[in-house]
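Secondary and tertiary structure notes
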Amino acid sequence: RGFGRQLLHRVFIEAAERGARVMFLEVRASNSVAQSLYLDSGFNQIGTRRGYYPDDGGREDALIFARQLLQQELESSNSGRLSAAACLSPETLR
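Described below are features of the structure shown in this document. All of these numbers come straight from a predicted model, not from anything done at the bench.

Parameters and conventions
Residues numbered from 1 in each chain as written. Predicted model: local features only at pLDDT ≥ 70, side-chain atom pairs only at ≥ 80, totals over all residues. Heavy atoms only, no water. Core = buried A, V, L, I, M, F, W, Y, C linked by side-chain atoms within 4.5 Å. Buried < 20%, exposed > 50% of the residue type's maximum accessible area, 1.4 Å probe, protein only. Helix = DSSP H or I, 4+ residues; strand = E, 2+ residues; numbered from the N terminus. Contact = heavy atoms within 4.5 Å. Polar contact = N/O pair within 3.5 Å; in protein donor to acceptor, adjacent residues only side chain to side chain.

It is worth spelling out the nonpolar core at this point. If you look at the biggest cluster of nonpolar residues, it comprises 14 residues, and the most contacted ones within it are Y38, F43 and F65. Counting only elements with at least two residues in this core, the list comes to α1 (3-17), β1 (22-28), α2 (32-40) and β3 (58-68). No other element matches α1, which puts four residues into this core. Those residues in contact with F43 that lie beyond four places of it in its chain are L8, F12, M23, L25, Y38, F65, A66 and R67.

Here it is, written out as structure tokens:
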């Protein structure tokens with residue numbers, strides 16, 4: 001339990017070390033467990049891709065999420081620690 005959260009935070013560190021400033025991901029609309037993890041980790045939903053995933057008897061939407069890496073996270077990437085998660089609003093990306 002908690003492995004997904006640990007893995008996601010490690011991805012934040014790796015991304016910061018490689019120069020990323022914003023992270024994007026998508027998730028099936030039916031995957032509420034993953035959505036909760038992403039929201040708890042500082043992601044905001046910024047869009048929807050209608051009918052993106054094949055599904056039994058049809059298609060399922062993909063929800064698009066984004067999260068900005070904070071300066072503190074970028075600076076702490078060498079130590080392997082993360083500070084509090086930052087939220088990136090949809091307005092910031094427009």
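A separate point is the environment of Q68. Relative to the assigned elements, Q68 resides in strand β3. The class of Q68 is partly exposed, set by a relative accessible area of 33%. When the C-alpha positions of Q68 and F24 are compared, they lie 8.9 Å apart, and in sequence the two are 44 residues distant.

Attention now goes to the side chain of R67. Within the fold, R67 resides in strand β3. Exposure remark for R67: the relative accessible area of 1% places this residue in the buried category. At a separation of 2.7 Å, a polar atom in the side chain of R67 contacts the main-chain carbonyl oxygen of S41.

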